[in-house]
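Residues per chain are reported as follows:
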Amino acid sequence: MRAIWIIARLTIAEAARRRILWVLLGLTLLSVTLTTWGVERLVSLAREGDASEFEVQFGVSQVLILVAFMFSFVLAMTAAFLGAPAVAADLESGVAHAMLARPIRRADLIVGRWIGLVAIVVAYAAGSGLLEIATVRFVSGYTPPEPLLAVVFLSAQAVVLLTLAMLLSTRLPAIASGAVCVVVFGLGWMAGVFAGIGRFFNAGPLVDVAEASRWLLPSDGLWRGTIYALEPPAVVLTALGRGGPAAAANPFFATAWPPTPFLVWSIGWTLLIMGAAAFSLGRRDL
Amino acid sequence: MADAVIDTHGLAKRYGKTDALIDLTLRVDAGEIFGFLGPNGAGKTTAVKLLLGLARPTGGGGTVLGAPLGDRTARQGIGYLPELFRYQPWLKAREVLELHAALRTVDGGARTPKQAIDAALADVGLADRADDVVGGFSKGMQQRLGLAVALLGVPRLVVLDEPTSALDPVGRADVRSIVRRARDAGSTILLNSHLLTEVERVCDRVAIVDHGRVLASGAITDLLGDSTVRIHVTDLPGEAVRALAGFGQAAMGDDGWLSIAGVDTDRIPELVATLVGAGGRVHAVDPGRASLEDLFLRLVRGGETPRTDA
């Protein structure tokens, strides 16, 4: 356990010393400032134009979901490109050889790296997500129903991709691991869209394949949790009433929380991939 | 007999269709500086990785510090300088040592970990750069830092893989002193190198490997054999040459150089005095001892039967 915490602290210190944290912080402040300014302008224009308060709230909730999608994408990229070199770069440079010749397990390196990177990603997700929600509330008066859960789902999605990137980096070069992770993330998101459309058209095989893909990589299912946490209940009821199954095909709309078995699977999936990463590095000749 | 720090039997490693190591049988005793020699691609680094558990053998086996190869707890007693040394470039030199001290739980004996770190930095000549970031170090300084990491806390076994590859002649001389001091402090040293002069100057015993096999091993003096002394002498009567049989096998060349094979080097002054006493005029004496390089080249080029002391 001691070695795990040493490596976790080292990982966080590396992110701080190499200015990764500061770059993320700067980009977050810039993004939050620009999007908040945009929301404030939209709200002011809508209120000047006799829009009802429901319409204003609906509009802000949709903008917030789009901003959350932008953050989810940035977080996914951040997770992929933090996780991809976490092991591969150290193996390529030889840094890992000196450390793994010490009396530590290779699994300690994986778990320590993972804890450190998860701390960074979750802190970034929580900081940027809650700051965005707070500033939007300040300029529009709109508060999503479950802001904390939105951040939890946003973080979970990033953790899933981070874990996958670390598994890949035990066997592939850092750049290849990152690239594969980004492509898989995109495919997972598209699988979610196809599943919704397939359901609307009752296209059984398409739904089956798309659903299987979503379980193979749970990032899109977790993204749906973020959306649901940000949607006002009235919007959900109205959309379902008007659009029914068609509304579910919208990649920026969710009709319900992700089911509990899926959430349990997501946790199990993450632990499974972590175990696979430890096994993969453990079996590798350095 | 001293305890075996490294003891391997028929150790082999195959990568795909390539045999990196075929049959490594090796014994390194406690308290010695052991040179592991071979040309590039001979299997030296592969052998080191097997000893440290960084790679798994495909045949044979052995022990390091009394534990099976790859044993995690045995690595508590090992310091290692990798061939491709590189340390976190964003850490300060002292922080690199603190990291490795923490990973190994350095027991500095009477010293605190901080004192052990200060001592290691001073030993390799980096005391005044302790708080500088490693990324700004030259390759030679990074290699010195790697030596400090390997020697930290006086490990029972220090494995140095090409420790002088990035160093200038002054740095190489420093490393020889550092290695000897580490041995005197109680460490056993495995020095993996293809720099023969370095090995010859510092090692007690060597093993020469090529194509994954040990070609020869033993004490350097035993491997090099007896000396052949060459003496440039004139005006020496023919019967005087025959009278030198007590020193070794003597033969006078046409160029005025007298060769005497198998001479005990301690008897060279006596030999010269005998020649002068017989009326010869001595112009030059060449101890003419074969170098490790001569032996290495003969073995690697296949001109000599392998021999070992095992």
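These numbers come from a predicted model, not from an experiment.

Describing a nonpolar patch on the surface
Residues and elements named next belong to chain A.
- A cluster of nonpolar side chains, contributed by Trp22, Leu25, Leu29 and Leu131, occupies part of the molecular surface with about 400 Å² of accessible area.
- For the nonpolar patch, the element with the highest residue contribution is helix H2 (residues 20-48), accounting for three residues.
- Positionally, Leu25 belongs in helix H2.
- For Leu25, a relative accessible area of 45% puts it in the partly exposed group.

Considerations on the domain arrangement of chain B
- We note that the domain assignment places domain 1 (4-221) and domain 2 (226-289) within chain B.
- Taking only C-alpha atoms, the centre of domain 1 of chain B and the centre of domain 2 of chain B are 44 Å apart.

Notes on the interface of chain A and chain B
- Listed by partner, the interface residues are 26 residues for chain A and 30 residues for chain B.
- Counting each side, the surface lost to burial between chain A and chain B is near 2,700 Å², with a carbon and sulfur contribution of 55%.
- When the area that chain A buries against chain B is broken down by residue, the three leading residues are Arg17, Arg102 and Pro103 of chain A, summing to 27%.
- If you look at where chain A meets chain B, you find two salt bridges.
- Of the charged contacts in the structure, one is a salt bridge between Asp285 of chain A and Lys13 of chain B, with a shortest N-O distance of 2.5 Å.
- Across the chain A-chain B interface, the total number found is 18 residue pairs in polar contact (both at pLDDT 80 or more).
- Counting only elements with at least two residues in the side of chain A that touches chain B, the list comes to helix H1 (2-17), helix H4 (95-100) and helix H12 (260-283) of chain A.
- Sorting elements by how many residues they give to the side of chain A that touches chain B places H1 of chain A first, with seven residues.

Some details on the confidence of the model for chain B
- Here chain B averages 86 in pLDDT, while 93% of its residues score no lower than 70.
- This complex was scored by the predictor with a pTM of 0.84 and an ipTM of 0.83.

Some thoughts on the pattern of salt bridges
- A complete count under the given rule lists 23 salt bridges over all chains for this structure.
- For Asp19 of chain B, the salt bridge goes to Arg14 of chain B, with nearest N and O atoms at 3.2 Å.
- With relative accessibility at 37%, the residue Asp19 of chain B sits in the partly exposed group.
- Taking relative accessible area as the criterion, Arg14 of chain B reaches 41% and is therefore assigned partly exposed.
- Asp123 of chain B is the partner of Arg181 of chain B in a salt bridge, and the nearest nitrogen-oxygen pair spans 2.7 Å. Of this pair, Arg181 of chain B sits in helix H5 (residues 169-184) while Asp123 of chain B sits in helix H3 (residues 113-123), placing them 58 residues apart in sequence.
- Assessed through its relative accessible area of 28%, Asp123 of chain B is described here as partly exposed.
- Here the salt bridges share partners, and the residues they tie into one network are Glu14, Arg18, Asp90 and Arg113 of chain A.

What about the pairing of strand E8 (residues 188-193) of chain B?
All names here are of chain B.
- With six of six residues buried, E8 lies mostly within the body of the structure.
- Neither face of E8 is exposed, since Thr188, Leu190 and Asn192 on one face and Ile189, Leu191 and Ser193 on the opposite face are all buried.
- Pairing of strand E7 (residues 157-161) with E8, which is carried by five bridges, proceeds in the parallel orientation. When the bridges of E8 are listed, Leu160 appears paired with Leu191.
- One crossover worth recording links E7 to the parallel E8 by way of H5, and it is right-handed.

Quick word on the nonpolar core
- Counting residues in each nonpolar core, the largest one holds 157 residues, and the members touching the most others are Leu24, Phe36, Leu160 and Leu190 of chain B.
- Apart from the residues lying within four places of it in its own chain, the contact partners of Leu190 of chain B are Ile6, Val28, Phe34, Phe36, Val48, Leu51, Leu157, Val158, Val159 and Leu160 of chain B.

Describing the packing of helix H3 (residues 53-93) of chain A against helix H6 (residues 147-169) of chain A
Residue and element names in this part refer to chain A.
- Taken N-terminus to C-terminus, the directions of H3 and H6 make an angle of 25 degrees; their axes are 7 Å apart at the nearest point. As judged from the angle between their axes, H3 and H6 are roughly parallel. Both H3 and H6 take part in a crossing whose hand is right-handed.
- Grouping the amino acids of the contact of H3 with H6 by side-chain chemistry returns 17 nonpolar, four polar and no charged.

Cut-offs applied
Residues numbered from 1 in each chain as written. Chains lettered and ligands numbered in written order. Predicted model: local features only at pLDDT ≥ 70, side-chain atom pairs only at ≥ 80, totals over all residues. Heavy atoms only, no water. Patch = residues over 30% accessible without salt bridge, like charges linked within 9 Å, V, L, I, M, F, W, Y side chains within 5 Å. Areas by Shrake-Rupley, 256 points an atom, 1.4 Å probe, with all protein chains shown as cover. Salt bridge = Lys/Arg side-chain N within 4 Å of Asp/Glu carboxyl O. Helix = DSSP H or I, 4+ residues; strand = E, 2+ residues; numbered from the N terminus. Buried < 20%, exposed > 50% of the residue type's maximum accessible area, 1.4 Å probe, protein only. Domains from an automatic or database assignment. Contact = heavy atoms within 4.5 Å. Buried area = accessible area lost by both parts, 1.4 Å probe. Polar contact = N/O pair within 3.5 Å; in protein donor to acceptor, adjacent residues only side chain to side chain. pLDDT = per-residue confidence, 0-100. Pairing = 2+ DSSP bridges. Right-handed = clockwise from strand over helix to strand, strands pointing away. Core = buried A, V, L, I, M, F, W, Y, C linked by side-chain atoms within 4.5 Å. Axes fitted to C-alpha atoms, helices over the stretch in contact; angles between N-to-C directions. Parallel < 35°, antiparallel > 145°, perpendicular 65-115°, else oblique. Left-handed = near helix turned anticlockwise from the far one by under 90°. Nonpolar A, V, L, I, M, F, W, Y, C, P; charged D, E, K, R; others polar.

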